[in-house]
Amino acid sequence: MVPHLVTALSGPLLDLERRLIDATAQIERWFRLEWQEHTPPFYSSVDVRNAGFKMAPVDTNLYPGGFNNLSQEMLPLAVQAAMASIERYCPDARNLILIPENHTRNTYYLQNVARLSVILRQTGLNVRLGSLNPEVTGPTKIDLPDGQSLVVEPMQRKGRRLTIGDFDPCAILLNNDLSSGLPEVLKDLQEQTLLPPLHAGWAVRRKTTHFAAYNDVVKKFAKLLDIDPWLLNPYFARCGEINFQERSGEDCLSSNVDLLLKQIRAKYREYSIDETPFVIVKADAGTYGMGIMSVKDASEVTNLNRKQRNKMSVVKEGLEVSEVIIQEGVPTIETVEDSTAEPVVYMIDRFVVGGFYRLNKERGRDENLNSPGATFRPLPFATSCTMPDCDQAPEAAANRFYSYGVVGRLAALAASLELERTDPDQSLYG
């Protein structure tokens, strides 16, 4: 069932959506040519915000952990997309190790692992779960609430190959974002494909690097459609050497917040948008909605109380925050079941395979929804993400979902550029 969308259907966004629908043939050819030049990530998920006057990605995850939130109808498309990706890396592949996060008692996350395992097995692969957790010393069975069970096993390094006993895979798929560092056991593997590559992990990756690549992608795309890139692109800036506990780096943070707010106000005046500009300050690396705050005035980042400083100081795995991205805040006009909502687009390879709405009754339209209280509702992308209906209004479900899929693919293309540019073996890209 399609969630009912409650949206303020007016303003520039409808014009933007209409352009996307009318230019479908151009857009699909453009993507096809771009993917000939760039290799997509094995999988990704993109948080999209629909403001009614612009539609933009606000985060791109290369280790998506919500496959359990996708609709059952999307499975055939996901399997087909996974087949296409596996054929690129290991056309003769028989075995694959899937490495999940270490917090193996989070049942919601483990249901994601189970769903992902089903998708991979349907491609013709034997799949076993390998753990980076040193506490896993033997096969460990984990029962799930729905009656399924998973077995997580320790891995061994044999020369430059990674195995589970005699199980020797062609490919290793990480569903662990490596926030705590790059494990030695994964370094310098040969004749085995690690997906995504090590430098995609948060120990190395930075959100500002991704959005710099996205900026390049969207400029090119906007020129194709003759539109303002800002309609698909959030402004951003970066501050390094931040220490929230010691209150160092506040001048950098304050000046960049002020500059971004001025740029946003100018755009709001250009488009006659009656909104209060805001920015999101968040850690430049990491996930799980940690280390994030919404700011409407530069003074707010120079007068943080102890509780706020503590909140901003650490992210997943207890890592200290020393670099932040200041990103244009994109309010959401979408609500589902009386909750503030935002779509999350899921991709395998270059294909949109599904998505869901993240809902949060506790948060406002200008706040981060990836926080306590969030719930999820599937979107039936499997039949509508690439099939806009030109005879319907732009806000019709099939057309709005198509627009989300376009934004998701732009972000995935940016991720491919990002990984190329940050690859330690630059010779691969000449």
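Below, the structure is looked at part by part. The model shown is predicted, which means the values in this text are computed figures rather than measured ones. One numbering rule holds for all chains: residues counted from 1, following each sequence as written. Note on the predicted model: pLDDT of at least 70 is required for a residue's local features to be given, and 80 or more for side-chain atom pairs to be given and counted; whole-chain, interface and lining totals, by contrast, use all residues. Hydrogens and waters are ignored; side-chain quantities use all the structure's heavy atoms.

**A few points about the overall build of the protein chain**
Logical step 1: For the protein chain, the helix and strand inventory stands at nine helices and 18 strands.
Logical step 2: Residue exposure (1.4 Å probe, protein chains only): buried if accessible area is under 20% of the type maximum, exposed if over 50%, otherwise partly exposed. When burial is assessed residue by residue, the protein chain has 57% of its 430 residues classed as buried.
Logical step 3: When checking whether two residues touch, look at their non-hydrogen atoms; a contact exists if any pair is within 4.5 Å. Sequence separation of at least 24 residues holds for 69% of the intrachain contacts in the protein chain that already meet a minimum separation of 6.
Logical step 4: Total accessible area on the protein chain is roughly 18,400 Å²; 48% of this is exposed by carbon and sulfur atoms. Put simply, DSSP H or I for four residues or longer makes a helix, DSSP E for two residues or longer makes a strand, and each gets a number counted from the N terminus. Note that accessible areas follow from Shrake-Rupley with a 1.4 Å probe, and for residues the cover is restricted to the protein chains shown.

**Thoughts on the environment of Arg377**
Logical step 1: On the secondary structure map, Arg377 appears in strand 18 (residues 375–379).
Logical step 2: Separated by 22 residues in sequence, Arg377 and Gly355 place their C-alpha atoms 8.7 Å apart.
Logical step 3: At 3.0 Å, the side chain of Arg377 forms a polar contact with the side chain of Glu337. Within 3.5 Å is the distance limit for a polar contact, defined as a pair of N or O atoms, with the added protein rule that one can donate a hydrogen and the other accept it, and that residues adjacent in sequence qualify only through two side-chain atoms.

**Digging into the packing of aromatic side chains**
Logical step 1: Centres within 6.5 Å are what make two rings of Phe, Tyr or Trp a pair, Trp counting through its six-membered ring; a difference in plane orientation under 30 degrees is then read as stacked, over 60 as edge-to-face, and the rest as tilted. Considering all chains together, one arrives at 15 aromatic pairs under this definition.
Logical step 2: Aromatic pair Phe211 and Tyr214: ring centres 6.3 Å apart, planes at 70 degrees, arrangement edge-to-face. With a gap of three residues between them, Phe211 and Tyr214 both fall in helix 5 (residues 207–225), about one helical turn apart. Pair check on accessibility: Phe211 and Tyr214 agree, each one buried.
Logical step 3: A cation over a ring is seen here: Lys207 above Trp202, with NZ or CZ 5.6 Å from the ring centre. Placement of a positive charge over a ring is assigned whenever Lys NZ or Arg CZ falls within 6 Å of the ring centre and within 35 degrees of the normal to the ring plane.

**Here's the deal with the nonpolar core**
Logical step 1: Here, the term nonpolar core denotes a set of buried Ala, Val, Leu, Ile, Met, Phe, Trp, Tyr and Cys residues that are joined through side-chain atoms within 4.5 Å. Counting 70 residues, the largest nonpolar core has Val281, Ile326 and Leu410 as its most contacted members.
Logical step 2: Setting aside anything within four residues of it in sequence, one finds Leu410 in contact with Trp30, Phe31, Tyr214, Val217, Val218, Phe221 and Leu232.
Logical step 3: Formed by 38 residues, the second largest nonpolar core is a distinct cluster that contains Ala81, Leu120, Leu125 and Val344.

**Some points on helix 6 (residues 250–270)**
Logical step 1: By this rule, a helix spans an expected 1.5 Å times one less than how many residues it contains. For helix 6, spanning 21 residues, the distance from its first C-alpha to its last is 30 Å, which sits close to the expected 30 Å at 1.5 Å a residue.
Logical step 2: Summarising the contacts, the buried residues of helix 6 are in contact with strand 11 (236–239), strand 12 (279–283), strand 13 (292–295) and strand 14 (324–328).
Logical step 3: A positive phi of about 55 degrees marks Ser272, the residue just after helix 6.

**Examining the side chain of Arg115**
Logical step 1: Of note, Arg115 is situated in helix 4 (residues 107–121).
Logical step 2: The side chain of Arg115 sits in the buried core without any salt bridge; Asp146 is the nearest counter-charge, 8.1 Å away.
Logical step 3: Setting aside residues no more than four positions away along its own chain, Arg115 makes contact with Phe67, Asn68, Leu70, Ser71, Gln72, Met74 and Leu75. The positive count covers Lys and Arg only, the negative count covers Asp and Glu only, and His and the chain ends enter neither. By salt bridge we mean one thing: a side-chain nitrogen of Lys or Arg within 4 Å of a carboxyl oxygen of Asp or Glu.

**A look at the sheet that holds strand 10 (residues 193–195)**
The strands that make up a sheet pair up through hydrogen bonds in the backbone, lying either parallel or antiparallel.
Logical step 1: Should DSSP find at least two bridges between two strands, the strands are taken to pair. If you trace the six strands from one edge of the open sheet to the other, you get 5-6-4-3-9-10, paired in mixed fashion. The open sheet has two edge strands with one neighbour each: strand 5 (140–143) and strand 10. Within the sheet, the average angular offset between the axes of one strand and its neighbour, ignoring direction, is 30 degrees.
Logical step 2: Taken together, the five bridges between strand 3 (residues 95–100) and strand 9 (residues 171–175) define a ladder with parallel strand orientation. Bridging across to strand 9, Ile97 finds its partner in Ile172.
Logical step 3: With axes taken as lines fitted to C-alpha atoms, and helix axes fitted only over the stretch in contact, angles between N-to-C directions fall between 0 and 180 degrees. Lying over the sheet, helix 4 contacts strand 3, strand 4 (126–131), strand 5, strand 6 (149–154) and strand 9, oriented at roughly 165 degrees with respect to strand 3.

**Looking at helix 4**
Logical step 1: Between its terminal C-alpha atoms helix 4 stretches 21 Å, which fits the 21 Å expected from 15 residues at 1.5 Å a residue.
Logical step 2: Within helix 4, the full set of buried residues consists of Tyr109, Leu110, Asn112, Val113, Ala114, Arg115, Leu116, Ser117, Ile119 and Leu120.
Logical step 3: Of the residues flanking the start of helix 4, the one acting as N-cap is Asn106, its side-chain oxygen 3.2 Å from the backbone nitrogen of Tyr108.

**Quick word on the state of the cysteines**
Logical step 1: The criterion for a disulfide is a pair of cysteine sulfur atoms lying within 2.5 Å. The tally for this structure, following the rule as stated, stands at two disulfides.
Logical step 2: Residue Cys90 pairs covalently with Cys170 via a disulfide, S to S 2.1 Å. In this structure the cystine formed by Cys90 and Cys170 twists about its S-S bond by roughly -95 degrees; its chirality is therefore left-handed. Taken together, the positions of Cys90 in the loop between helix 3 (75–89) and strand 3 and Cys170 in the loop between strand 8 (161–163) and strand 9 put the pair 80 residues apart, joining distant regions of the chain.

**Here we look at the pattern of salt bridges**
Where side chains of opposite charge bring their charged atoms close, a pairing between them can arise.
Logical step 1: One pass over the full model with this rule turns up 26 salt bridges.
Logical step 2: Taking the shortest distance from any N to any O, the salt bridge between Arg88 and Asp349 comes out at 2.4 Å. In this pair, Arg88 is assigned in helix 3 and Asp349 in the loop between strand 16 (339–348) and strand 17 (351–360), connecting sequence segments 261 residues apart.
Logical step 3: Under the relative-accessibility criterion, Arg88 is labelled partly exposed at 35%.
Logical step 4: Take Asp349: its relative accessible area is 0%, and that puts it in the buried class.

**Looking at the packing of helix 2 (residues 24–37) against helix 5**
For any two helices packed against each other, the geometry is given by the interaxial angle and the distance between the axes.
Logical step 1: The interhelical angle for the contact between helix 2 and helix 5, taken along N-to-C directions, is 145 degrees, at an axis separation of 11 Å. In this structure, helix 2 meets helix 5 at a crossing whose hand is right-handed. The residues of helix 5 that touch helix 2, namely those facing Gln26, Ile27, Trp30 and Glu34, are Val217, Lys220, Phe221, Leu224 and Leu225.
Logical step 2: Nonpolar residues are Ala, Val, Leu, Ile, Met, Phe, Trp, Tyr, Cys and Pro. Charged residues are Asp, Glu, Lys and Arg, and all others, Gly as well, are polar. Grouping the constituent residues of the contact of helix 2 with helix 5 by class yields six nonpolar, one polar and two charged. Left-handed is the label given to a crossing in which the near helix is rotated counterclockwise from the far helix by less than a right angle, and right-handed is the label when the rotation is clockwise.

**Thoughts on the environment of Ala298**
Logical step 1: Locating Ala298 in the fold gives a position in the loop between strand 13 and helix 7 (306–313).
Logical step 2: Between the C-alpha atoms of Ala298 and Leu261, which are 37 residues apart in sequence, the distance is 8.6 Å.
Logical step 3: Not counting residues within four places of it along the chain, the set of residues in contact with Ala298 comprises Ser254, Val257, Asp258 and Leu261.

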